[in-house]
Amino acid sequence: MTLAAAPDLVTATSLAAAQNENLAEISNVLIYSAMAVYTLAFFAYIAEWIFGSRSKVARTAAALTPRGEAAKKAPAVTVRKEGGTAVLERPKVVVRAATGTRDVPDGPGAHGGDEQGDLFGRVAVSLTVLAFLVEFGGVLTRALSVQRAPWGNMYEFNITFTTTAVGVYVLLLALKKNVRWLGLFLTTTVLLDLGLAVTVLYTESDQLVPALDSYWLYIHVSTAILCGAVFYVGAVGTILYLFKDSYESKLARGGRPGGFATSVMERLPASASLDKFAYRVNAAVFPLWTFTIIAGAIWAGDAWGRYWGWDPKETWSFITWVAYACYLHARATAGWKGRKAAYLALAAFGCWLFNYYGVNIFVSGKHSYADVGMSALTAIGF
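Here the structure is a predicted model, which is why all the values come from computation and not from measurement.

Brief notes about the pattern of salt bridges
Where charged atoms of side chains with opposite charge meet at close range, the side chains can pair.
Stage number 1. According to the stated counting rule, one finds eight salt bridges in the structure shown.
Stage number 2. The shortest N-O distance in the salt bridge between Asp245 and Arg339 comes to 3.1 Å. Highlighted residues: Asp245 in helix H7 (residues 216–252) and Arg339 in helix H11 (residues 339–362), separated in sequence by 94 residues.
Stage number 3. The closest approach of N and O atoms between Glu314 and Arg306, which form a salt bridge, is 2.7 Å. Grouping residues by exposure puts Glu314 and Arg306 together as buried.
Stage number 4. Three or more residues are tied together by salt bridges with common partners; here these are Glu48, Asp118, Arg122 and Arg180.

Concerning the UniProt feature "transmembrane region" (unreviewed entry) in the protein chain
Stage number 1. UniProt's feature table lists "transmembrane region" (unreviewed entry) at residues 29–51, 123–145, 157–175, 182–203, 215–243, 277–300, 315–334 and 341–359, given in the numbering used throughout.
Stage number 2. Along residues 157–175, the helical share is 95% and the strand share 0%, with 27 Å between the first and last C-alpha atoms.

Focus: the packing of helix H5 (residues 154–174) against helix H6 (residues 183–199)
Stage number 1. Packing of H5 against H6 brings their axes to within 9 Å, and their N-to-C directions diverge by 170 degrees. Compared by their axis directions, H5 and H6 come out roughly antiparallel. Contacts between H5 and H6 pair Tyr155, Asn158, Ile159, Phe161, Thr162, Ala165, Val166 and Tyr169 from the former with Gly183, Leu186, Val190, Asp193, Leu194, Leu196, Ala197 and Val198 from the latter.
Stage number 2. Considering only residue class, the contact of H5 with H6 consists of twelve nonpolar, three polar and one charged.

Examining a nonpolar patch on the surface
Stage number 1. A cluster of nonpolar residues, Ile294, Ile298, Tyr307, Trp308, Trp310, Phe318 and Val322, forms a patch on the protein surface that exposes about 670 Å² of accessible area.
Stage number 2. Put simply, the parts of the chain that give the nonpolar patch at least two residues each are helix H9 (271–304) and helix H10 (312–332).
Stage number 3. Tracing the chain through its elements places Ile298 in helix H9.
Stage number 4. For Ile298, a relative accessible area of 32% translates into the label partly exposed.

What about the side chain of Ser317?
Stage number 1. As for its position among the elements, Ser317 is in helix H10.
Stage number 2. Not counting residues up to four positions away in its chain, the partners in contact with Ser317 are Trp289, Ile293 and Asn355.

Let's talk about the layout of surface pockets
Where empty space is left becomes clear once a probe the size of a water molecule has been rolled over the atoms.
Stage number 1. When its volume is computed, the second largest pocket comes out at roughly 330 Å³.
Stage number 2. Together, 14 residues line the second largest pocket, and Lys177, Val179, Ser273, Phe277 and Arg280 are the ones closest to its centre.
Stage number 3. Of the residues in the lining of the second largest pocket, the class split is eight nonpolar, two polar and four charged.
Stage number 4. Each of domain 1 (19–55 + 105–207) and domain 2 (218–381) gives at least three residues to the lining of the second largest pocket.

Thoughts on H7
Stage number 1. For H7, built from 37 residues, the straight-helix expectation of 54 Å at 1.5 Å per residue is met to within 8% by its first-to-last C-alpha distance of 53 Å.
Stage number 2. Of all 37 residues in H7, 28 are buried; the element is thus mostly enclosed.
Stage number 3. One or two residues past the end of H7 sits Gly254, with phi positive at roughly 90 degrees.

As for helix H4 (residues 115–146)
Stage number 1. Over its 32 residues, H4 extends 47 Å from the first C-alpha to the last, a length consistent with the 46 Å expected when each residue adds 1.5 Å.
Stage number 2. Where H4 terminates, the next one or two residues include Gln147, which has phi positive at roughly 55 degrees.

With respect to unusual backbone geometry
Stage number 1. For Gln147, which is not glycine, the phi torsion reads 55 degrees and is therefore positive.
Stage number 2. Checked against the element boundaries, Gln147 lands in the loop between H4 and H5.
Stage number 3. Notably, Trp310 is not glycine yet its phi reads approximately 55 degrees, a positive angle.

Focus: the packing of aromatic side chains
Stage number 1. For the structure shown, the criterion picks out 22 aromatic pairs.
Stage number 2. Centroid distance Phe42 to Phe43: 5.4 Å. Interplanar angle 70 degrees. Geometry classified as edge-to-face.
Stage number 3. The exposure class assigned to Phe43 is exposed, which follows from its relative accessible area of 51%.
Stage number 4. When the ring of Trp308 is compared with that of Phe318, the centres are 6.4 Å apart and the planes differ by 80 degrees; the resulting orientation is edge-to-face. Here Trp308, found in the loop between H9 and H10, pairs with Phe318, found in helix H10; they are ten residues apart in sequence, far enough to count as distant.
Stage number 5. Since its relative accessible area comes to 30%, Trp308 is described here as partly exposed.

Calculation criteria
- Residues numbered from 1 in each chain as written.
- Predicted model: local features only at pLDDT ≥ 70, side-chain atom pairs only at ≥ 80, totals over all residues.
- Heavy atoms only, no water.
- Salt bridge = Lys/Arg side-chain N within 4 Å of Asp/Glu carboxyl O.
- Helix = DSSP H or I, 4+ residues; strand = E, 2+ residues; numbered from the N terminus.
- Buried < 20%, exposed > 50% of the residue type's maximum accessible area, 1.4 Å probe, protein only.
- UniProt positions renumbered as here; feature names shortened; annotations may be inferred.
- Axes fitted to C-alpha atoms, helices over the stretch in contact; angles between N-to-C directions.
- Parallel < 35°, antiparallel > 145°, perpendicular 65-115°, else oblique.
- Contact = heavy atoms within 4.5 Å.
- Nonpolar A, V, L, I, M, F, W, Y, C, P; charged D, E, K, R; others polar.
- Patch = residues over 30% accessible without salt bridge, like charges linked within 9 Å, V, L, I, M, F, W, Y side chains within 5 Å.
- Areas by Shrake-Rupley, 256 points an atom, 1.4 Å probe, with all protein chains shown as cover.
- 1 Å grid on protein atoms, 1.4 Å probe; cavity = no way out; pocket = protein on both sides within 12 Å on 5 of 7 lines; lining within 4 Å.
- Points joined across faces, edges and corners; volume = space filled by probe spheres on them.
- Domains from an automatic or database assignment.
- Expected span 1.5 Å × (residues − 1).
- Phe/Tyr/Trp six-rings, centres within 6.5 Å; stacked < 30°, edge-to-face > 60°.

Okay, here's the thing in structure tokens:
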């Protein structure tokens, strides 16, 4: 290289660095913008639930739930025609002791059949899609700013994870699945996760440590993020199942839940539907989680010369795999349906959460690439 060419090289390097800084700044603006749109979607989902609580479906559900001893003596209620008159009778809840399921229809959704509620719900979905696109732009510009995959530290993993979780929700809606009831719970946790990312976990864009600079980063980490997003959707379904099952059990015993619980629970899918939804979601993604662990082992062999060393991240990934395997095995062979299986599923997701946050932040090992920093640890009380 001639001395005359040296200034040109320095200038090109400076321009590239400035461009990277600009892209990183654009990424930050897009992430904050996505949070603002998610907040609007959050309020729109709340409006959907509020207007739905005033719907005829919600009012009728509350009115048809007798009080105290009257509930035990109340006749079954159906809708039948006598001439030109419609007669309402209390719906009978049939309990199948053999399988633990009940003949209960799915609720109409958060809007409860109310037109204004449905309008707010459709606005909320539109805002969610817009926020997803803006956040995806933030993830993409973050990747372009460093010319690599955007999951080299906890901040990048978080923004990619939330983008993927919302993407799973949007995909289910596009496939005409009845999952709009997920919207409020999804946007709430996404806002919390992004808030944690931009305050506690934020890291300036930088190049990867040598051990992570591999094409396996695209294979192993991308599948781990997708699995986590789907596991999250399954966990939300499981939690809602537990609430709905308690509600249905109380009705079956002749009890009378509170007005708020009645208004909300009557608009959700039946407990059997929520249980089936959570099971199918977890079962569908479990093979991909198995592949994620295998891909990580192959990458470890390339990077460190051994496939498995019981590093904390490896250990908790395996524990998570075992927990979900136990859940799926119990459902498939032992006939566990309902609350027992739900507790297993939540325990498995708890293992995944600890593997995601706990191991990365608080446990040192070969996978300690979180780059959270001492200031972040001080911010959360350590």
